[in-house]
Structures are given as C-alpha cells and as structure tokens.
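# Tertiary structure, described
Read off the chains here:
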Amino acid sequence: MKLLIHVLAVSNGMAHATSINRQKVVRQFNPVRHASSNPTPMQVGNGNFAFGADITGLQTFQPFNTLSSWGWHNFSLPTTPGQSSVNDFTGLDWWTHERLVNYNQPNPAQPLISNWLIQNPQRLNLGRVGLWFDPKLGITESNMFNATQILDLYSGVITSQFTVLGSEVKIQTSVDPYSDTVAILINSDLLKMRGLGVFFDYPYSDLNKFNAPFVGPFNKTDLHTTTLQQTKSRAQITHNIDTVIYYTTIKWSGDSTISNPKDGSHRYTLHPGKTDGSELTITTNFSPSRFSLTQRTELASAHEIFSKSRKWWSEYWESGAFLDLTTAKNANATELQRRVILSQYLLAINDAGRDPPQESGLANNGWYGKFHLEMILWHLAQWGRWGKWSLFNRAVPGVYTRFLETSVQRAKRQGYEGARWGKMSDPTGRSAPGEINSLLIWQQPHPFYFAEMEYRAFPTKETLRKWDNILTKSAEFMVSFAWWNASTGVYDLGPPMYPVSENTKPNNTINPTFELAYWRFGLNIATYWKSRQNLPTPANWTHVLNNLAPLPIDSATDTYPVYESIPNMWIDPNTFYDHPAMSGIFGLLPPTLGFNLTVSKNTATRIAEKWNFKNLFGWDFPMLAMNAVRLQDAETAVKYLLDPNWEFDDVGMPIGGPRVPTPYFPSSGGLLLAAAMMAGGWDGSEGPHFPADWVVNAEGFEPSM
C-alpha cells in the first residue's frame, strides 16, 4: 500500500508543528459562489452562534438565519382547564413485562398540552442583517453583476464582490470566535454617495417543525416589539418577543446613523453620514444581556474580530489530526478530501457549542431547533477522533451532568433505577413527548462511548472522576431495564421499544441486534470504569452483562436481523428499509461477546444487495463504511462514502435527502468518524486503511476502539 504516514502527538486542542502543509490543503477547497443558493447559505460562526449569508455576504436577498445556543422562545401555554400547565400532562401507560409503565407520549385526551410540549421551546432566528438600497430602485439579486463570493476556510472570512448601480462593492464578513458578534467590512463608492446602507430586521417565532431554509416570519410585526437607543457610532435594538428579551448592539465607523422603521415593520436602517468615505465597518452583537452604550471598550471593532477569527481558525486547522489526500491523483480521493475539509469547517460552526446540536446545527431549524440525544454520537464523537478535545468538552460530559437529575426522575417514574436519557430535548433536559421519543433506547450507552474515547486519550484520575457518576447512573438504568426471561434464562431488551431503525412494531420488538451489542459494550465499559478506580462492580451489573440474550441470527440466511425473530427478514421490504444498524456492531462498535465474523460478512453482503439506499439517513453511509473497512474492504468503504444517494453541496452542506431537512449534520460527523477510522485504524489493526493505489498523508490519528 502506497502510504506516507506522519505521527503527531495530539494534546488538548493546542497547535503543534506539523509536516503536512495544512493551510495549502485547506485553501484548495475554499468554496466559491457566483449566486445565492436558496437551500443553503455560506456560514461564519463559532459553535454557539452562526450567521448565514447570501451572495452579498449578508442576508440581503435571502433571509438566512442568525441562530445561537441561547436564543429560545416559548409560546403561551394553553388555557383549557386540565391542560394549562406542564404538570397537567399525563402521558400514556403501556403494559411492560406485566406492569403498567408511564411513557412520555402525546395523550389523545390532552392534545393541547401534548402539542405544546412537542413544539416548545423553539430556537429563535435572532435577526437579519442585509444591504439597504433605495426601495424606489427595486434592486434584486438580478441587478448584480460579476458576483464572486469566496469563503476562506483558513481564516473564517467570507469575501463577496459584485457590481451594482454601476459601482463595485466588496464586503467581508466574519464572526468573533468568543462572542455572538458579526463583523462586517464594506468598501464601495456607493457609501459616500449614500446609495448603500445596512438594515437590521427581526422576525417573530413560529410553530413549524422544520424551517428549512428560513426561520421565522417577518410579517407578523404586531406580535412583537422593538425599540432603538442610539449614541454616536453606536446603537442598541431591544427585541421583546412575548416573554423573551434580547439585545442587538451595533457599533460602526464614521458618522452613520440608524433610522427607525417607517412602514410598520421592525426593519432599522443604518445610513452613511454626509462626510463618510467609501469604507464602513460594523460589528453587530446579539445577546440576552444588555451592553452599555457608554462603555466604549465593551464591543470589539470589526478589524479586531477579523484578526481574532484568523488566529482562531489557523489554530483550529493546525491542531489535532489531519488527513491529506491531495496527492492521491484520484477523483474519488479529491471528492472525499473536499467533503472532509468542508465538514471540518461546518462542524466547528454548527456542532461545537455548549449544547448538543440539532440535526441542522445553526443553519436552520429542524424539530423546532431541539437536539436528539441519540444523534449526539454522530455529531460529537468525531471531535475526539480528530484530537479536538477542547471542542469535544464544550458539550460533553456537561450535557449529561446537566440532564442527570431529569433523567433520574424519568427512570424513577417508570420504576427503573439509574438515569434514562431522553431523546428530542431542549436545553433544560426536558424531552418532547412522542412514541418513538419515549421508546427508543440506543442513546442510553452513548456516555460509555464518549467516556472511553476520552479515557484512551487522557487515562487519568480526573477523566475517571468526571465521568463516574454519569456512567454509574447510566449502567444502573441499563441493568434495571434488561428483563430476566425465566423461560430462556437470559436478559431481554424489550418489548416495548423502538430499535435504531424506528420502523418496527414496538410491542413485537425484542432483542434488536445493535442494541444488544451496544448494551454489552456499555456495561463492559462500566465494569472497567469501576476496576480502574479500584472500586467493586455491583454484582447485578455483572450478572446482566454475562447473561444478556445472544445476538440474534436469521437462520435462513446466516445474517444478523433487525431484531430477534423478526418475520420475513430480507423478504418483507420493511425489514431492509430504514437504518441498517446491524452493520454498526462491527464498525462503529468493536466486536462484543458473541460476535461472529462470518455472520457479519454475510450481513454486509446482504445489505449491499437488498437495502433500500434511496431512503437512508445520512449517517447510515459512514456506518456502512466503518463496517466495510473493519471487514478489510477499503474500496467498498470509499464507495459508501461517495454513494450518489449521499450528497454534499458546493459549500459542504450535507443534503438531508427525502426524509430529513438540509443540512443534516449527522452526515458530516459520521463522515469524519469514518475518515478517522480509515486514517488511524483500530485496536489490532492500526494504521491507514485506504484503497491500495491511494497516496495518503495522515498525522495525529490514534486507533479507534
């Protein structure tokens, strides 16, 4: 195999001298546009805040979104008696192993409070910032000529240039790495002719489950209020939207002033002063806290933010692991490299916040902007695999610590021990009602995956300590949830439950293949965690681990089915329609007790032959790729990562497909997980696993589990 490998020690997010010219590789894939893309913006951001831009570098013609970790809104509770309080919600009882268990599911007798809990809170679009032209001129994007927009990935700066009204315009846009602040630099003679300005507009919230690509209506102006305070070169707009208040603090160069809306809207306009020249700098900060307009040092200048952005992004690219496929001279290698580089950029903007990201990150709203706890593995595990531990630790284990109390309460209400992690969650840890939401279980072992990844990188007492309580409570639930089947002498998982695929009948679903393997993996790590601390492992943990039901095998095909005794596996199209999670037991996961390599190979072959790939979710393809590479088939792994049903657009946004909105960032996180496995290998098969004729440069990767 023609591979050139550089080994680089990786530490906690700090930059190191590297042998690959990373800047050169990264900048080869700077996205270029010549017109706006309606589905997806170009983005700048910092993980907790993101600004989506159209071809102007702002939000002039396309109302792309400005989203944050903190900006959430609740509509008023229903007023119907018995449905006017969160505490009125009762959920539904299901028979579960000869007892009634209450599940967090919509109650047909309580439709109003059920729907309120599903739809609230929603993530807010904080505002729109765009270029102002004299409305009498009717300027649209079609009036722009010679438009070129370049995103410099290495500095986090968008540069947009075009000609309009006979004058050239150049705009640079970036975001402060450490605050929710957009920096804008505009150069044009239209400024000194007072033919160009900047507007700030504010939408209301809405109850749409999916808001792709735009979030919030701008025409419901009577339902919310805005007010303006202004001093020389500074202004603050206060937005009151029901019970939510937040502030936009604006700082600019020169003698410009901001005018109030004149048409019943919430659109404010900054007009250049009579003595202003052809350059205008603006910083726009969004915050739940009020900035003082008299404290002149509180808000950084645009030039300071551009400098901080260049420094942060340079350190980001030069730290951790890196993969260079640019010398492979192969079209597939080039496309894979493009996807990897652009995914690394976009995930630093959308998947690197205090909270786990929603499926569409900070680009638009899916599922009302809430995040799904079963998906955070696909979003966040890649940070550890690429050595970006400072970004990994922004969200984990913190989110589990914050959600521990509500998860313990959830388990206790259902008669279980430990902590039962929710699914579709808001930042408080409240999980939205739903049948799938309440019966899905494959998110439960995630903490063990995260913790073991971190311990392999940092095998210290501190790592053991900070994860110990989370893992203990997780294991207690997993042990309590497993049901002793006296007739078979094993512990069963389910029913009722939904497996990864979410398309089975919950009362018939028992011992799904992936969940059994993942339960074993998690409980095995739980015992290691105690022994590493010289603590005893509870006897019931060991008993469940040693007596879990075996992995089911479809006897007709000698393959792993979706779940034990599923009817007509590989015959009924519904059995090979959704997530092929069986592949994850030897790919995403290392082999667990009872795993059979021959059966896994047979399953991989059957999936390739039978599965309905047109309806797969994005992370299915990297899951299949990791399975293929563990089976020593790098060619098939690449084939999955470049499958025509799995697309990334010109700026690297992962296309959602027929069932989820665009962008769908679990695709990006899954891609980076698979690429890291191919670059670093795994325990017992260390090193790169790429097609034999590829020339690969990789540095900083450690083997996977």
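A few words now on the overall build of the chain. Helix and strand content of the chain: 17 helices and 31 strands. Across its three principal axes, the chain shows a C-alpha extent of roughly 85 × 70 × 50 Å. For the chain, the proportion of its 705 residues judged to be buried stands at 62%. For the chain, the distance from the average position of its 56 positive side-chain charges to the average position of its 59 negative side-chain charges is 4 Å.

Attention now goes to the pairing of strand S17 (residues 225-231). Sheet analysis places S17 next to strand S18 (residues 234-241), joined by seven bridges and oriented antiparallel. In the strand pairing of S18, glutamine 230 is matched with alanine 235. In this antiparallel pair of consecutive strands, S17 and S18, the connection spans two residues, and serine 233 shows a positive phi of 65°.

The next thing to look at is the nonpolar core. Of all hydrophobic cores here, the largest spans 207 residues; its most connected members are Ile186, Phe200, Trp317, Leu323, Tyr449 and Phe450. Apart from the residues within four sequence positions on either side, tryptophan 317 is in contact with Arg22, Val26, Leu153, Tyr154, Phe322, Ile341, Gln344, Tyr345 and Lys388. One finds Ala183, Leu185, Ile305 and Phe306 within the second-largest nonpolar core, a separate group that totals seven residues.

Glancing now at helix H5 (residues 331-350). Between its first and last C-alpha, H5 extends 28 Å over 20 residues, near the 28 Å set by a 1.5 Å rise per residue. Buried residues dominate H5, accounting for 16 of its 20 residues. Its side-chain oxygen placed 2.8 Å from the backbone nitrogen of asparagine 332, asparagine 330 serves as the N-cap of H5.

Moving on, we get to the pattern of salt bridges. Scanning the model with the defined rule gives 22 salt bridges in all. Across the pair arginine 267 and aspartate 201 runs a salt bridge, and its minimum N-O distance is 3.2 Å. Of this pair, arginine 267 sits in the loop between strand S20 (257-259) and strand S21 (268-271) while aspartate 201 is found in strand S15 (residues 197-201), placing the two residues 66 residues apart along the sequence. What makes aspartate 201 buried here is its relative accessible area of 6%. In this structure, lysine 530 and aspartate 468 form a salt bridge, with 3.2 Å as the shortest nitrogen-oxygen distance.

To continue, consider the environment of glycine 429. Residue placement: glycine 429 occurs in the loop between strand S26 (424-425) and helix H9 (435-439). With 25 residues separating them along the chain, glycine 429 and leucine 404 place their C-alpha atoms 8.4 Å apart. Apart from residues lying up to four places away in sequence, glycine 429 is in contact with Phe403, Thr406 and Arg410.

Looking now at unusual backbone geometry. Residues valine 396 and proline 397 are joined by a peptide bond in cis, for which omega reads 5°. Mapped onto the secondary structure, proline 397 falls in the loop between helix H7 (389-395) and helix H8 (398-413). In this structure, serine 565 is a non-glycine residue whose phi angle is positive, near 65°. Position of serine 565 among the secondary structure elements: in the loop between helix H13 (539-547) and helix H14 (597-610). For serine 565, a relative accessible area of 65% gives the class exposed.

Here the focus is helix H12 (residues 513-532). Over its 20 residues, H12 extends 29 Å from the first C-alpha to the last, a length consistent with the 28 Å expected when each residue adds 1.5 Å. Asparagine 534, located one to two residues past H12, shows a positive phi value of around 60°.

For the rest of this paragraph, the subject is the pairing of S21. Here S15 runs beside S21; their pairing, made up of three bridges, is antiparallel. Bridging across to S21, valine 198 finds its partner in leucine 270. When S20 meets S21, the two strands line up antiparallel, connected through three bridges. Bridge pairing in S21 links threonine 257 to histidine 271.

Let's shift gears to the side chain of glutamine 236. Turning to its location among the elements, glutamine 236 is positioned in strand S18. Looking at glutamine 236, its side chain comes within polar contact range of the side chain of threonine 249, at 2.9 Å. Side chain to side chain, glutamine 236 and arginine 290 meet in a polar contact 3.1 Å long.

Moving on: the sheet that holds strand S10 (residues 128-132). On the basis of which strands lie adjacent, the open sheet formed by four strands has the order S10-S15-S21-S20 and antiparallel pairing. Because the sheet does not close on itself, it has two edges, and the strands there are S10 and S20. Direction aside, neighbouring strands of the sheet carry axes that sit 25° apart on average.

In a beta sheet, neighbouring strands pair by backbone hydrogen bonds and run either parallel or antiparallel. With antiparallel pairing, three strands are arranged side by side in an open sheet as S3-S4-S5. The sheet is open, and its two edges are formed by strand S3 (42-45) and strand S5 (66-68), each paired on a single side. On average, adjacent strands in this sheet sit at an angle of 20° to one another, irrespective of strand direction. In this fold H5 packs onto S3 and strand S4 (49-53), with an angle of close to 55° to the strand it touches most, S3.

Considering all chains together, one arrives at 41 aromatic pairs under this definition. Judged by centre distance (5.5 Å) and plane angle (35°), the rings of tryptophan 442 and tryptophan 619 are tilted. Highlighted residues: tryptophan 442 in the loop between H9 and helix H10 (446-457) and tryptophan 619 in the loop between H14 and helix H15 (620-630), separated in sequence by 177 residues. The exposure classification of tryptophan 442 matches that of tryptophan 619, with both residues buried. Taken together, a centroid distance of 6.0 Å and an interplanar angle of 25° make the contact between phenylalanine 690 and tryptophan 694 stacked. The pair phenylalanine 690 / tryptophan 694 is uniform in exposure class, with both members buried. Linked through ring pairs, Trp378, Trp442, Tyr449, Phe514, Tyr518, Phe521 and Trp619 together constitute an aromatic cluster. Lying across the ring of phenylalanine 218, arginine 128 places its NZ or CZ 5.9 Å from the centre. Above the ring of tyrosine 316, the side-chain terminus of lysine 388 is found at 4.2 Å from the ring centroid.

Positionally, glutamine 110 belongs in the loop between strand S8 (100-103) and helix H2 (111-119). One polar contact links the side chain of glutamine 110 to the main-chain amide nitrogen of threonine 90, over a distance of 2.9 Å. When residues no more than four places from it in sequence are discounted, the contact partners of glutamine 110 are Gly82, Gln83, Asp88, Phe89, Thr90 and Gly91.

Our focus in this paragraph is the confidence of the model for the chain. Chain-level pLDDT for the chain is 95 on average; 97% of the residues reach the 70-or-more range. Low pLDDT, under 50, characterises residues 1-17; the stretch is placed with 49 contacts to residues that sit more than four places away or in other chains.

Before going further, it helps to spend a moment on the packing of H10 against helix H11 (residues 461-481). Their axes nearest at 10 Å, the elements H10 and H11 cross at an angle of 155°. In this view, H10 runs roughly antiparallel relative to H11, as classed from their interaxial angle. Pair H10 / H11 crosses with left-handed handedness. Contacts between H10 and H11 involve Pro447, Phe448, Phe450, Ala451, Glu454 and Tyr455 from the first element and Thr463, Leu464, Lys466, Trp467, Ile470, Leu471, Ser474, Ala475 and Met478 from the second. Split into classes, the residues belonging to the contact of H10 with H11 amount to 11 nonpolar, two polar and two charged.

About the thresholds
- Residues numbered from 1 in each chain as written.
- Predicted model: local features only at pLDDT ≥ 70, side-chain atom pairs only at ≥ 80, totals over all residues.
- Heavy atoms only, no water.
- Helix = DSSP H or I, 4+ residues; strand = E, 2+ residues; numbered from the N terminus.
- Buried < 20%, exposed > 50% of the residue type's maximum accessible area, 1.4 Å probe, protein only.
- Lys, Arg positive; Asp, Glu negative; His and termini not counted.
- Charge placed at Lys NZ, Arg CZ, Asp CG, Glu CD.
- Pairing = 2+ DSSP bridges.
- Core = buried A, V, L, I, M, F, W, Y, C linked by side-chain atoms within 4.5 Å.
- Contact = heavy atoms within 4.5 Å.
- Expected span 1.5 Å × (residues − 1).
- Polar contact = N/O pair within 3.5 Å; in protein donor to acceptor, adjacent residues only side chain to side chain.
- Salt bridge = Lys/Arg side-chain N within 4 Å of Asp/Glu carboxyl O.
- Axes fitted to C-alpha atoms, helices over the stretch in contact; angles between N-to-C directions.
- Phe/Tyr/Trp six-rings, centres within 6.5 Å; stacked < 30°, edge-to-face > 60°.
- Lys NZ or Arg CZ within 6 Å of the ring centre and 35° of its normal.
- pLDDT = per-residue confidence, 0-100.
- Parallel < 35°, antiparallel > 145°, perpendicular 65-115°, else oblique.
- Left-handed = near helix turned anticlockwise from the far one by under 90°.
- Nonpolar A, V, L, I, M, F, W, Y, C, P; charged D, E, K, R; others polar.

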